[in-house]
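Below, each chain spelled out in residue letters.
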Amino acid sequence: MTTALDEIHLPAAARTVRRLRLRPDGALAPLGPRAVRLTAPVGALSLPDLAPGAMEAVAALAAGEQTEEELAALVAARDGDAGLLRWQLTRRRLGTAGMLEHSVHLAGEAAEEPLARLRPVGRGAAEPGPTPDPTGQVKLSRFASASVEGGALLVRAPGSPLAVQLTTRAAGLLAALAGWTSPAALAQLPGGLPLDAVRQTLRLFAAAGLLAYGSPGAEPEAEEQRFAQWTAADLAFHSRTRRPTSVAGYGGTYRFGDRFAPEPASPAPFAGRKVALPVPDLDELVRTDRPFTEVLEQRRSVRDHDERAPITLEQLGELLHRSARRRQTFTGGDGQELADRPYPSGGAVHELELYPLVTSCTGLEPGLWHYATDRHELELVSEPSAATAQLVKSARESSLMQTDPQVVLLVTARFGRVMWKYETVAYPLILKHVGALYQTLYLVGTAMDLAVCGLGGGDAADFAAASGLDYFTEGSVGELVIGSRPPTLRQDVGVPRREARR
Ligand SMILES: Cc1cc2nc3c(=O)[nH]c(=O)nc-3n(C[C@H](O)[C@H](O)[C@H](O)COP(=O)(O)O)c2cc1C
């Protein structure tokens, strides 16, 4: 609210004007002569039984920005004072349902472009926060992040259904709010905004959760473990993917459905030479395999490989066949080719590909190979090179191995398979699939008496350099070291266990 002080000191040209409008990504549809329904990407609101002035006010909000006074005048002219009271309830419902955008303008500025706009981006009430004291201490939350969306600069806080859009005139506030300051100090910045404009803009920041809790010297975001342990990037990722109300686009939205064709289940084959893999006799394995519970209980990470008897091509083929081969291909209701493999995959999209990087395997030359899941064969991607050596070195260091791993099994995602359909959950789905594949490889490897150890990190740029694949189209998202298991295991790494061998 504008204070008497501002009225006295601000020149007329710099007076702050607050406006509101219906969120432009929403649709307004008539439900009858006196009723409308608003539909937004997240949520909908029906307004039945509107008086004629209130109908006009809603239509005016849909047409463009209005001040509260202009809306009240529209309503009063048609509906009288009793209508004004009812309008206040309707106006509140619009705000609570997140259907309104609030903006702060400077009267007299060119075209009165808003300095800042509070934009609902998820589901939740969209009303400005309290007006800060001129000398009250304010600071940007360390979790706030800025991005460019639809040609606008948006500032967001993780988990909030609201974002603040800033124009050039107000963007300087962001830098100034990196440390504790006050509205009065912000208004003193060179080329800064009038005090009331600063305070009104900060109301939008507060509503969107962009301001830090606490005060100078008492900052929970930095001091309390539950906040301090989060990086801004991790909390934004967690909130974006685990708070469907804070962002539109949850689940399968097919946002690229009309721009790009779905990618086929099989990637384009590599030009290098092919090696057909032996097919294990699954019927025989059903009869002879070790019992499931024994395999589950004896699974462990093994970081030693038997140099005297390296893993064989037959064993590598059996591991890949039992864990990751394509059992069938079928077409989903959305037209995307889907797949069936031994491990599960959200929506059956099966975007993961496997690349054995071989240093020592009886019957197979060293190099980076691709496992064609549909044909159960290996395709040479690259002969050993400086780039493949870097991948081997990283895996050896991550697994604390004393020798080069016999096989580094790199797992990639063909991102488009998932992102063509899913939006906010796409990347987390990929990571979950990697986990499902890891455990399947661990269990099959244990049943085969192989050494398996999953790794927690890798470098997708190194993989792109080694494979020649485009980083943004298909990238490494996981890796394991695989080899023959020696008769005795080192005891200086991993979980302390009494038995050295099953
Ligand atoms: C996702 C994931 C990441 C891992 N990352 C590594 C790693 O980078 N280096 C390593 O030596 N072991 C790694 N491991 C193996 C774990 O250290 C191991 O599972 C854990 O110590 C428990 O031992 P166990 O697998 O023998 O039960 C990883 C395991 C998983 C599932």
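These numbers come from a predicted model, not from an experiment.

Conventions and cut-offs
Residues numbered from 1 in each chain as written. Predicted model: local features only at pLDDT ≥ 70, side-chain atom pairs only at ≥ 80, totals over all residues. Heavy atoms only, no water. Helix = DSSP H or I, 4+ residues; strand = E, 2+ residues; numbered from the N terminus. Buried < 20%, exposed > 50% of the residue type's maximum accessible area, 1.4 Å probe, protein only. Near = heavy atom within 4 Å. Polar contact = N/O pair within 3.5 Å; in protein donor to acceptor, adjacent residues only side chain to side chain. Areas by Shrake-Rupley, 256 points an atom, 1.4 Å probe, with all protein chains shown as cover. Disulfide = S-S within 2.5 Å. Lys, Arg positive; Asp, Glu negative; His and termini not counted. Salt bridge = Lys/Arg side-chain N within 4 Å of Asp/Glu carboxyl O. Contact = heavy atoms within 4.5 Å. Core = buried A, V, L, I, M, F, W, Y, C linked by side-chain atoms within 4.5 Å. Phe/Tyr/Trp six-rings, centres within 6.5 Å; stacked < 30°, edge-to-face > 60°. Lys NZ or Arg CZ within 6 Å of the ring centre and 35° of its normal. Domains from an automatic or database assignment.

**What about the environment of Leu 174?**
Stage number 1. Examined against the element boundaries, Leu 174 turns out to sit in helix 4 (residues 168-176).
Stage number 2. For Leu 174, a relative accessible area of 17% puts it in the buried group.
Stage number 3. Taking the C-alpha atoms as reference points, Leu 174 and Ala 144, separated by 30 residues in sequence, lie 9.9 Å from one another.

**Let's talk about the site of the ligand**
Stage number 1. Lining the immediate environment of the ligand, one finds 14 residues, of which Arg 299, Ser 301, Arg 303, Ser 398 and Gly 456 sit closest.
Stage number 2. In this structure, Ser 301 approaches the ligand through a side-chain N or O atom, which is 2.6 Å from an oxygen atom.
Stage number 3. The side chain of Arg 497 places a nitrogen or oxygen atom 2.9 Å from an oxygen atom of the ligand.
Stage number 4. Surface burial for the ligand is 62%, taken as the share of its 620 Å² of free accessible area covered by protein chains.
Stage number 5. Those elements that place two or more of their residues in the shell around the ligand are helix 15 (426-447) and strand 17 (450-455).

**Brief notes about the state of the cysteines**
Stage number 1. The full count for this structure, using the stated rule, is zero disulfides.
Stage number 2. Summary of cysteine pairing: Cys 453 is not part of a disulfide, and the nearest cysteine sulfur, belonging to Cys 361, is at 19 Å.
Stage number 3. Of the residues examined, Cys 453 reaches a relative accessible area of 2% and is grouped as buried.

**A look at the side chain of Arg 417**
Stage number 1. Structurally, the position occupied by Arg 417 is in helix 14 (residues 415-419).
Stage number 2. Although Arg 417 is buried, it forms no salt bridge, and the closest oppositely charged side chain is Glu 337 at an N-O distance of 5.4 Å.
Stage number 3. There is a polar contact of 2.7 Å between the side chain of Arg 417 and the backbone oxygen of Glu 337.
Stage number 4. Among the polar contacts listed, one links the side chain of Arg 417 to the backbone oxygen of Val 349, at a separation of 2.5 Å.
Stage number 5. Beyond its immediate stretch of four places on either side in the chain, Arg 417 contacts Glu 263, Pro 264, Ala 265, Gln 336, Glu 337, Leu 338, Ala 348, Val 349, His 350 and Glu 351.

**Some thoughts on the nonpolar core**
In summary, soluble globular proteins display a tendency toward joint burial of nonpolar side chains.
Stage number 1. Of all hydrophobic cores here, the largest spans 61 residues; its most connected members are Leu 352, Leu 364 and Leu 378.
Stage number 2. The element best represented in this core is helix 15, accounting for nine residues.
Stage number 3. Sequence-distant contacts of Leu 378, defined by excluding residues within four places in its chain, comprise Arg 273, Lys 274, Val 275, Leu 277, Leu 313, Leu 316, Leu 320, Pro 356, Leu 364, Trp 369, His 370 and Tyr 371.
Stage number 4. Ranked by size, the runner-up nonpolar core spans 30 residues in total, among them Leu 106, Val 138, Leu 177 and Ala 187.

**Some points on the packing of aromatic side chains**
Two aromatic rings are characterised by how far apart their centres lie and by the angle between their planes.
Stage number 1. Enumeration according to the criterion identifies seven aromatic pairs in this entry.
Stage number 2. Centroid distance Phe 237 to Tyr 427: 6.3 Å. Interplanar angle 70 degrees. Geometry classified as edge-to-face. Here Phe 237, found in helix 9 (residues 232-242), pairs with Tyr 427, found in helix 15; they are 190 residues apart in sequence, far enough to count as distant.
Stage number 3. We classify Phe 237 as partly exposed; its relative accessible area is 35%.
Stage number 4. The partly exposed category is assigned to Tyr 427, whose relative accessible area is 31%.
Stage number 5. Note on Tyr 471 and Phe 472: the rings are 5.2 Å apart at their centroids and 75 degrees apart in plane angle, and the pair reads as edge-to-face.
Stage number 6. Cluster of aromatic residues (ring-pair linked, three or more members): Phe 270, Tyr 355 and Phe 463.
Stage number 7. The ring centre of Tyr 442 lies 4.8 Å from the NZ or CZ of Arg 299, which sits over that ring.

**Comments concerning the domain arrangement of the chain**
Accessible area lost when the parts come together is the quantity often used to give the size of an interface.
Stage number 1. Domain assignment breaks the chain into domain 1 (24-97), domain 2 (101-248) and domain 3 (274-484).
Stage number 2. With centres defined by C-alpha atoms, the gap from domain 1 to domain 3 works out at 57 Å.

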